[in-house]
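Letter by letter, the chains look like this.
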Amino acid sequence: MEKFKFTSFVIITLALVLTSCQKDIQVYKKDIQLNLPTENLDYINANYASSLSESSRQVPQLLRNSGVTNEGAKLGRVLFYDTQLSLNNRVSCASCHDQKSAFADNKALSVGFENKVTPRNSMAIVNPVVNNSLFWDSRSNSIENLIREPIQNHIEMGMESMEQLVKKLNSVEYYKPLVEEAFQAEEFTEQLVVEALSQFLRSMVSMDSKFDKGSESGFSNYSELELRGKDIFFSDHAKCSTCHKGINFSAPDGNGGGSSISNSFINQQDNSFGNSEYAGPEIMGTANIGLDIVYADNGFSNGQFKIPTLRNIGLTGPYMHDGRFETLEEVVDHYSDNMKLHQNLDDKFVQGDQVRLLKFDQNDKAALVAFLNTLSDEDFVQAERFSDPFVR
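Along each chain, the written sequence defines residue order, and numbers are assigned to residues from 1. Owing to the predicted nature of the model, reporting of local features is limited to residues with pLDDT of at least 70; listing and counting of side-chain atom pairs is limited to 80 or more, with chain, interface and lining totals taken over all residues. With hydrogens and water stripped out, all remaining heavy atoms of the structure feed into the side-chain values.

## Overview of the packing of helix α13 (residues 328-338) against helix α14 (residues 362-373)
Then comes step 1: Angles here are taken between N-to-C directions and fall from 0 to 180 degrees, while the axes themselves are lines fitted to C-alpha atoms, restricted in helices to the stretch in contact. For the purposes of this entry, the term helix denotes a DSSP run of H or I that reaches at least four residues, the term strand denotes a run of E that reaches at least two, and both are numbered from the N terminus. The interhelical angle for the contact between α13 and α14, taken along N-to-C directions, is 130 degrees, at an axis separation of 10 Å. Our classification of the angle between α13 and α14 gives oblique. As α13 packs across α14, the resulting crossing turns out to be right-handed. When α13 is examined against α14, the residues Leu-328, Glu-329, Val-332, Asp-333, Ser-336 and Asp-337 are found in contact with a partner set consisting of Lys-365, Leu-368, Val-369, Leu-372 and Asn-373.
Then comes step 2: Charged means Asp, Glu, Lys or Arg here, nonpolar means Ala, Val, Leu, Ile, Met, Phe, Trp, Tyr, Cys or Pro, and polar covers whatever is left, Gly included. Taken together, the residues of the contact of α13 with α14 sort by class into five nonpolar, two polar and four charged. For classification purposes, angles smaller than 35 degrees are called roughly parallel, those larger than 145 roughly antiparallel, those between 65 and 115 roughly perpendicular, and all remaining angles oblique. When the near helix sits turned anticlockwise from the far one by under a right angle, the crossing is termed left-handed; a clockwise turn instead gives a right-handed crossing. The criterion used for residue contact is that any of the two residues' heavy atoms lie within 4.5 Å.

If you want it as structure tokens, here you go:
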């Protein structure tokens, strides 16, 4: 008799737990309205074909080769902004990746599911189609994995599994015609959720900045201060461009990741890109830049973190993996005056047994910041095709 009572108690308790979980994943009942144009927006050609930049003019073919379609990217856009991708219907991808901040967050650390705080700064989403490794520790080499991790992370979006998400989304009426249009399918599968989001992310190409326009006209559009900053950036003294190089102003990030399509595109722009000291799988585009003597977070290894793209860098603060620097001025000050002599400090910052501080004067600091701001792409942060499609 006691055994029966205990068994009954366990069954009832388990049923209550399961019922509670089911309540947590209910579809949001409040009326949700989409504001999508009657004709599909152009994710492939956009304004690239008319750009002054030769690199921009090659983007449409890159996107087509990467499998991006207007219909798939549109569906991915809706998913990206939909809070129903989180367990409690309160967090979307866009909660931590804001368009006006070049899809970074304007907080040092982001607030996720149930107000939990992420351990790292949310990286900007800029040109993921030409990245081989992703996240601050370069742990992933596919956009598809980049999508799955936050959704199933109990700090960020809180879903128990992708299967749970698929079941939830298939009960949402406004997805049925979008899935049919994009994939000629009656409902989502895990693969189709990931594919739609990956198409939207791949379409997030930013190559129409003041720098891109200037590169085709001898930088006649630059001020004297911006020209001075450009000279410093590419100088042998500063060596900024040895880490932040090529079409994406980023480091080669591993010869085992990415796609042959994206690698081919990068190499067309800079044949030396893949020969960088940062290209190997043992480095994966990371570096230790002397932020600390002892790191609370070791990143990829021993204080090495991914060298991010500098495109739109003026819009993506706070900076570094932990968001410790509020402004670009603070970042420049770090390299100029404040690097620490960590045992794994990048070789370019070591001279003998001392840190090779860059020691910029105030004019040079201002010039460098002015140049970095020319890497901002105003169309990217304002374009309707990347904006929130929901009526809020």
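Here the narrative resumes.
## Brief notes about empty space enclosed by the protein
Then comes step 1: Cavity and pocket criteria rest on a 1 Å grid covering protein atoms alone: a 1.4 Å probe that fits but cannot get out defines a cavity, protein on both sides within 12 Å along at least 5 of 7 lines defines an open pocket, and an atom within 4 Å of a point defines a lining residue. Grid points are joined across faces, edges and corners, and a volume is the space filled by probe spheres set on the points. What the rule picks out here adds up to one cavity of 30 Å³ or more.
Then comes step 2: In this model, the largest cavity occupies a volume close to 40 Å³.
Then comes step 3: Forming the boundary of the largest cavity are Leu-169, Asn-170, Val-172, Tyr-175, Lys-176, Val-179, Glu-186, Glu-187 and Phe-188.
Then comes step 4: If you tally residues by element for the lining of the largest cavity, the top one is helix α7 (residues 175-183), at three residues.
Then comes step 5: Its residues assigned to classes, the lining of the largest cavity comprises five nonpolar, one polar and three charged.

## Comments concerning unusual backbone geometry
Negative phi values dominate among residues other than glycine, just as trans dominates among peptide bonds.
Then comes step 1: The residue after Gly-317, namely Pro-318, is reached through a cis peptide bond having omega 0 degrees.
Then comes step 2: With phi around 75 degrees, Phe-135 is a residue other than glycine that occupies positive phi space.
Then comes step 3: Mapped onto the elements, Phe-135 comes out in the loop between α4 (70-81) and α5 (143-152).
Then comes step 4: Of note, the phi angle at Ser-138 is positive, near 55 degrees, even though the residue is not glycine.
Then comes step 5: Tracing the chain through its elements places Ser-138 in the loop between α4 and α5.
Then comes step 6: Remark: exposure states derive from per-residue accessible area (1.4 Å probe, protein chains only) relative to the maximum for the residue type, with buried under 20%, exposed over 50%, and partly exposed in between. Note on Ser-138: relative accessible area 4%, which makes it buried.

## Side note on the nonpolar core
Then comes step 1: Here, the term nonpolar core denotes a set of buried Ala, Val, Leu, Ile, Met, Phe, Trp, Tyr and Cys residues that are joined through side-chain atoms within 4.5 Å. Leu-75, Leu-79, Phe-80, Leu-85, Tyr-175 and Phe-188 are the most contacted members of the largest nonpolar core, which has 61 residues in total.
Then comes step 2: In terms of residues, this core owes the most to one element, helix α8 (residues 190-202), which gives seven residues.
Then comes step 3: Apart from residues no more than four positions distant in its own chain, Leu-79 is found in contact with Leu-85, Leu-169, Tyr-175, Phe-188, Val-193, Ala-196 and Leu-197.

## Some remarks on the side chain of Gln-304
Then comes step 1: Mapped onto the elements, Gln-304 comes out in the loop between β2 (286-287) and β3 (305-306).
Then comes step 2: Here a polar contact is recorded for every N or O atom pair within 3.5 Å, except that within protein the pair must consist of a potential hydrogen donor and a potential acceptor, and residues adjacent in sequence are included only if both atoms are side-chain atoms. Within the local environment of Gln-304, its side chain forms a polar contact with the side chain of Thr-286, the two groups lying 2.8 Å apart.
Then comes step 3: Those residues within four positions of Gln-304 in sequence are excluded, and the remaining contacts are Ile-283, Thr-286, Ala-287, Asn-288, Asn-298, Gly-299 and Asn-344.

## Observations regarding helix α10 (residues 224-233)
Then comes step 1: All of the buried residues in α10 are Glu-226, Gly-229, Lys-230, Ile-232 and Phe-233. Here the buried residues of α10 occupy an arc of 160 degrees about the axis, which is enough to place them on one side.
Then comes step 2: Residues of α10 that are buried in the fold lie against α9 (210-215), α11 (240-243) and α14. Think of the arc as the fan of directions from the helix axis to the C-beta atoms.

## Digging into the pattern of salt bridges
Then comes step 1: Note on definitions: salt bridges are taken to be side-chain nitrogens of Lys or Arg within 4 Å of carboxyl oxygens of Asp or Glu. As enumerated under the stated definition, the model contains 20 salt bridges in all.
Then comes step 2: With a closest N to O distance of 3.1 Å, Asp-346 and Lys-348 form a salt bridge. Across the pair, Lys-348 and Asp-346 agree in class, each one buried.

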